[in-house]
Amino acid sequence: MIHPSDIPTLPRGVRTHFDTVRKTDVLLGPERVLMLDQIGSAVLSRVDGAQSVSVISADLAAVYDAPQDVIEPDVIAYLQDLADKRLLDVRHG
Amino acid sequence: MANPPLAMLAELTHRCPLSCPYCSNPTELLAKDTELSTDQWRDIFQQAADLGVLQLHLSGGEPASRTDIIELVVAAREAGLYTNLITSGIGLTPKRLEALDKAGLDHVQLSLQGVTAAMADRIGGYKGGFDRKMHVADHIARIGFPLTLNAVMHRANLDDLPATIDMALRLGARRIEIACVQFQGWALTNRSALQPSRAQVDAAKRVVKDAIERLKGDLVIDFVPPDYYSDFPKACMNGWGSTGLNVTPDGTVLPCHAAATIPHLTFEKATDRPLAEIWNDGPAFNAYRGTDWLPDLCQSCERRDIDFGGCRCQAMAVLGDASATDPVCRKSAGRAVLDNLLAQEETPTIDVPDYVYRKL
């Protein structure tokens with residue numbers, strides 16, 4: 001399970017890409033294309049292999065003017081789903 | 001206008017050092033002198049990206065048989081495509097792998113014919129192939145390419161499924177595709193030798209179910225079941241002309257890799273007409289696009305938008321009618337034909353015929 005102190009990173013072979021035809025951010029991985037909604041883009045644009053889940057959540061809480069303790073579980077659930085699909089690596093911070 | 005495609009399979013060549021009896025290439029293979037040039041492929045990659053393709057699968061035959069494979073990967077990445085190499089590994093020296101790394105190759109999909117040299121070399125018809133493949137796999141891991149192991153399973157090796165999954169873990173694969181042979185191309189020719197038994201299929205499904213749970217987060221497992229044993233057809237290509245397209249070594253654009261088995265369809269070449277026009281207006285793409293063409297049985301079915309009537313090429317191969325419901329479907333009259341075939345082929349007591357190996 002992902003913890004707030006963990007540091008997520010996109011592994012090699014998984015990358016975000018702006019789809020100029022569909023005008024949307026997408027996540028590309030082995031045999032996988034995920035169309036990213038606004039929240040997905042906001043989370044993944046902060047996944048840089050340096051910031052922890054709690055730092056990312058705090059930043060999102062500030063930008064979207066919402067309590068961090070509401071946002072953080074959603075961020076963790078989103079990242080956990082990607083990790084289960086091996087589209088995300090997590091370093092224990 | 002049709003929705004833009006997400007993926008393109010580029011069959012760069014039909015040449016291959018292996019001669020697997022289930023090869024998905026057509027039984028009439030194209031010779032080297034018909035192959036597109038580097039520049040022609042470069043142009044097609046750019047057109048594909050402009051059309052909306054996000055993922056490019058470089059396949060064959062063996063794509064490493066092209067001497068320009070490095071240039072082609074560079075071209076694909078320059079076009080902005082996520083680039084996957086589907087390979088047997090044969091022909092990929094450490095030096096070429098390092099050049100592919102530098103070229104920006106995103107992902108490697110390595111085929112597996114068996115977990116032992118005896119099995120793999122018999123299936124591939126190439127002595128020493130397994131050892132070379134394992135050597136290539138070591139270098140793939142050293143360089144750090146994300147790896148999918150593509151294990152093609154059938155009667156002779158389906159019982160080795162647990163060892164196959166173990167091998168994927170040992171090679172450091174992130175993903176394994178357990179692809180039970182689908183009966184098109186050379187596999188159709190060899191169907192009675194390749195058809196697994198029901199007991200094998202039931203056991204394999206249990207192994208897969210357990211492994212998915214046990215290896216969650218470590219290994220992604222995609223399972224393509226042997227569809228003759230299914231109750232409902234596969235959603236082939238996620239719907240004809242909806243998601244993907246295939247370009248053959250000479251530039252012919254197909255809605256799926258087996259579509260040329262449907263004799264009444266007219267195919268066009270990417271060297272003769274812009275790819276976007278072929279995708280949007282080509283007669284072969286429009287033939288079975290959407291659901292309006294579906295037979296009444298499928299039109300009135302609650303699964304209409306789940307499987308789109310199944311696989312056109314399978315309806316063609318088994319029933320001789322490409323617009324019929326896929327005979328895998330339990331509701332279809334054609335199912336009796338498939339059941340008859342299965343009854344003849346799955347009996348373990350009959351002599352299994354020799355393989356007909358693919359050849360140019």
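Shown above is the structure to which this text applies.
Just so you know, these numbers come straight off a predicted model, no measurement behind them.

### Observations concerning the overall build of chain B
Piece 1. A count of helical and extended segments in chain B gives 15 helices and ten strands.
Piece 2. For chain B, whose C-alpha radius of gyration is 20 Å, the value lies close to the compact-globule estimate of 21 Å for 360 residues.
Piece 3. Its C-alpha atoms put chain B at 55 × 45 × 40 Å along the principal axes.
Piece 4. Every one of the 360 residues in chain B was classed for burial, and the buried ones make up 57%.
Piece 5. Sequence separation of at least 24 residues holds for 73% of the intrachain contacts in chain B that already meet a minimum separation of 6.
Piece 6. Approximately 14,400 Å² of chain B is accessible, and the part contributed by carbon and sulfur atoms is 52%.
Piece 7. Computing the positive centroid from 36 side-chain charges and the negative centroid from 45, chain B places the two 4 Å apart.

### Remarks on the environment of B:G114
Residues and elements named next belong to chain B.
Piece 1. Of note, G114 is situated in the loop between β4 (107-112) and α4 (117-124).
Piece 2. Here the alpha-carbon distance between G114 and L161, two residues 47 residues apart in the chain, equals 9.5 Å.
Piece 3. Leaving out residues up to four positions away in the same chain, G114 has contacts with M119, A120 and F130.

### Here's the deal with the pairing of strand β2 (residues 55-59) of chain B
Residue and element names in this part refer to chain B.
Piece 1. Most of β2 sits out of view: five of its five residues are buried.
Piece 2. Residues Q55, H57 and S59 line one face of β2 and the alternating positions L56 and L58 line the opposite face, and both faces are buried.
Piece 3. As paired strands, strand β1 (residues 7-11) and β2 are joined by five bridges and run parallel to one another. Bridge pairing in β2 links M8 to L56.
Piece 4. Note that the unit made of β1, helix α1 (residues 38-51) and β2 has a crossover that is right-handed.
Piece 5. Relative to strand β3 (residues 82-87), β2 runs parallel, the two sharing four bridges. Its bridge partner being in β3, L58 is matched across the sheet by L85.
Piece 6. Crossover handedness for the path β2 to helix α2 (residues 69-78) to β3: right-handed.

### What about the sheet that holds strand β3 (residues 24-29) of chain A?
All names here are of chain A.
Piece 1. Spatially, β2-β3-β4 is the arrangement adopted by the three strands of the open sheet, whose pairing is antiparallel. Since the sheet does not close on itself, it has two edges, and those belong to β2 (15-19) and β4 (32-35), each with one partner. Direction aside, the axes of adjacent strands within the sheet are offset by 30 degrees on average.

Parameters at a glance
- Residues numbered from 1 in each chain as written.
- Chains lettered and ligands numbered in written order.
- Predicted model: local features only at pLDDT ≥ 70, side-chain atom pairs only at ≥ 80, totals over all residues.
- Heavy atoms only, no water.
- Helix = DSSP H or I, 4+ residues; strand = E, 2+ residues; numbered from the N terminus.
- Rg over C-alpha atoms; globule rule 2.2 N^0.38 Å.
- Buried < 20%, exposed > 50% of the residue type's maximum accessible area, 1.4 Å probe, protein only.
- Contact = heavy atoms within 4.5 Å.
- Areas by Shrake-Rupley, 256 points an atom, 1.4 Å probe, with all protein chains shown as cover.
- Lys, Arg positive; Asp, Glu negative; His and termini not counted.
- Charge placed at Lys NZ, Arg CZ, Asp CG, Glu CD.
- Pairing = 2+ DSSP bridges.
- Right-handed = clockwise from strand over helix to strand, strands pointing away.
- Axes fitted to C-alpha atoms, helices over the stretch in contact; angles between N-to-C directions.

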